[in-house]
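Listed here are the chains, written in short residue letters.
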Amino acid sequence: MKALEARTRFQKLRERDGLVDPLELDAIWAVLDAVRPEEILGGWKGGEFRTGHPLDGMLAKADWYGKSFVSVHDAKPLVCRNAAGELYSNLELGQGEASLWTVEFRGEPTATMVYDGRPVFDHFKRVDGNTLMGIMNAKGVPAEGPFYYFFLERAPEIGLVEETPRTAGES
């Protein structure tokens with residue numbers, strides 16, 4: 001698969017309502033360009049590829065908006081909407097925040113978000129100037145997966161509010 005074909009296929013899969021085959025996503029990932037952490041700073045709106053992974057739909061239930069990379073040492077992996085529609089960094093769900101590193105994944109060094117409180121890594125590759133493909137990897141996941149696949153679109157700078165954690169039963 002060539003890069004242009006991969007980008008076209010990526011967009012079609014992104015718009016698909018049904019399940020997406022992880023092998024097809026892996027083929028796209030293989031031809032995309034790696035990125036450096038400094039190249040992805042800023043705000044990003046996110047979405048997922050439904051592959052049958054146990055996390056499918058979980059972020060939507062948390063009103064996940066996307067991610068904010070303020071600097072390489074200040075990454076907010078789980079920017080969510082509160083009841084008032086304001087964006088906040090969900091520290092409870094993410095068990096803290098994160099930082100950006102260059103980490104080798106599948107034989108290539110690429111920008112990777114390392115969570116502070118979980119053994120989780122989000123690896124990124126460039127689809128185009130405004131789009132990233134992400135693969136979530138975690139301690140204990142075999143080299144062949146299953147992985148959680150997602151995408152990020154550049155968004156305007158994200159203004160976050162402080163969020164008081166909700167108590168059980170609150171919505």
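Source: prediction; values computed, not measured.

**Q** Run through the overall build of the protein, naming residues and quoting values.
**A** Summing up its helical and strand segments, the protein has 4 helices and 10 strands in all. Counting from the amino terminus, the protein carries its helices and strands in the arrangement α-α-β-β-α-β-β-β-α-β-β-β-β-β. For the protein, the C-alpha radius of gyration of 16 Å lies close to 16 Å, the compact-globule estimate for 171 residues. Viewed in the frame of its principal axes, the protein has a C-alpha envelope of about 45 × 35 × 35 Å. Evaluated residue by residue, the protein yields a buried proportion of 44% over its 171 residues. Look at the contacts in the protein between residues 6 or more apart in sequence, and 54% of them connect residues 24 or more apart. One way to put it: in the protein the 20 positive side-chain charges average out to a point 4 Å from where the 27 negative ones average out.

**Q** So what's going on with the pattern of salt bridges? Which residues, and what values?
**A** If you walk through the whole model with that rule in mind, you get 10 salt bridges. When the shortest N-O distance is used, the salt bridge between Arg36 and Glu39 registers 3.6 Å. Residue Arg36 is classed as partly exposed on the basis of its relative accessible area of 49%. Residue classification places Glu39 among the partly exposed residues on the basis of a relative accessible area of 31%. With a shortest N-O distance of 3.0 Å, Lys67 and Asp122 are connected by a salt bridge. With a gap of 55 residues between them, Lys67 in strand S3 (residues 64-71) and Asp122 in strand S8 (residues 120-128) connect regions that are remote in the sequence. For Asp122, a relative accessible area of 0% corresponds to the buried category. Each of the salt bridges in this network shares a partner with another, and the network as a whole consists of Arg36, Glu38, Glu39 and Arg126.

**Q** Lay out the nonpolar core in plain terms, naming residues and giving numbers.
**A** Among the nonpolar cores identified, the biggest contains 24 residues, and Ile40, Phe69, Leu100, Met113, Phe124, Leu132 and Leu152 are the most heavily contacted of them. Elements with a contribution of two residues or more to this core: S3, strand S4 (74-81), strand S6 (98-105), strand S7 (108-115), S8, strand S9 (131-138) and strand S10 (148-155). Once residues lying within four places of it in the same chain are set aside, the contact partners of Ile40 are Val35, Phe69, Leu100, Ala111, Phe124, Leu132 and Arg154. Membership of the second largest hydrophobic core comes to 16 residues, among which are Phe10, Leu25, Ile28 and Phe49.

**Q** Describe the layout of surface pockets, naming the residues involved and giving the relevant values.
**A** Approximately 270 Å³ is the volume attributed to the second largest pocket. Leu55, Met58, Leu59, Ala62, Leu78, Leu93, Gly94, Tyr115, Arg118, Val120, Met136 and Tyr148 are the residues that line the second largest pocket. For the lining of the second largest pocket, the secondary-structure elements that each account for two or more residues are helix H3 (58-61) and helix H4 (91-94). Partitioning the lining of the second largest pocket into residue classes produces 10 nonpolar, 1 polar and 1 charged.

**Q** A description of helix H2 (residues 22-31) should follow, citing residues and the corresponding values.
**A** Burial in H2 covers these residues: Leu25, Asp26, Ile28 and Trp29. Looking down the long axis of H2, one finds its buried residues gathered within 160° of arc, a one-sided arrangement. Opposite the buried face of H2, by more than 90 degrees, sit the exposed residues Leu23 and Ala30. Those residues of H2 that are buried lie in contact with helix H1 (3-14), S6, S8, S9 and S10. Put simply, Asp21 is the residue that caps the front of H2, since its side-chain oxygen is 2.9 Å from the backbone nitrogen of Leu23.

**Q** I'd like a rundown of the side chain of Asp56, residues and numbers included.
**A** Along the chain, Asp56 falls in the loop between strand S2 (42-48) and H3. Although Asp56 is buried, it forms no salt bridge, and the closest oppositely charged side chain is Arg50 at an N-O distance of 4.9 Å. Not counting chain neighbours up to four residues away, the residues in contact with Asp56 comprise Leu19, Glu48, Phe49, Arg50, Thr51 and Tyr148.

Rules behind the numbers
Residues numbered from 1 in each chain as written. Predicted model: local features only at pLDDT ≥ 70, side-chain atom pairs only at ≥ 80, totals over all residues. Heavy atoms only, no water. Helix = DSSP H or I, 4+ residues; strand = E, 2+ residues; numbered from the N terminus. Rg over C-alpha atoms; globule rule 2.2 N^0.38 Å. Buried < 20%, exposed > 50% of the residue type's maximum accessible area, 1.4 Å probe, protein only. Contact = heavy atoms within 4.5 Å. Lys, Arg positive; Asp, Glu negative; His and termini not counted. Charge placed at Lys NZ, Arg CZ, Asp CG, Glu CD. Salt bridge = Lys/Arg side-chain N within 4 Å of Asp/Glu carboxyl O. Core = buried A, V, L, I, M, F, W, Y, C linked by side-chain atoms within 4.5 Å. 1 Å grid on protein atoms, 1.4 Å probe; cavity = no way out; pocket = protein on both sides within 12 Å on 5 of 7 lines; lining within 4 Å. Points joined across faces, edges and corners; volume = space filled by probe spheres on them. Nonpolar A, V, L, I, M, F, W, Y, C, P; charged D, E, K, R; others polar. Arc of directions from axis to C-beta. Polar contact = N/O pair within 3.5 Å; in protein donor to acceptor, adjacent residues only side chain to side chain.

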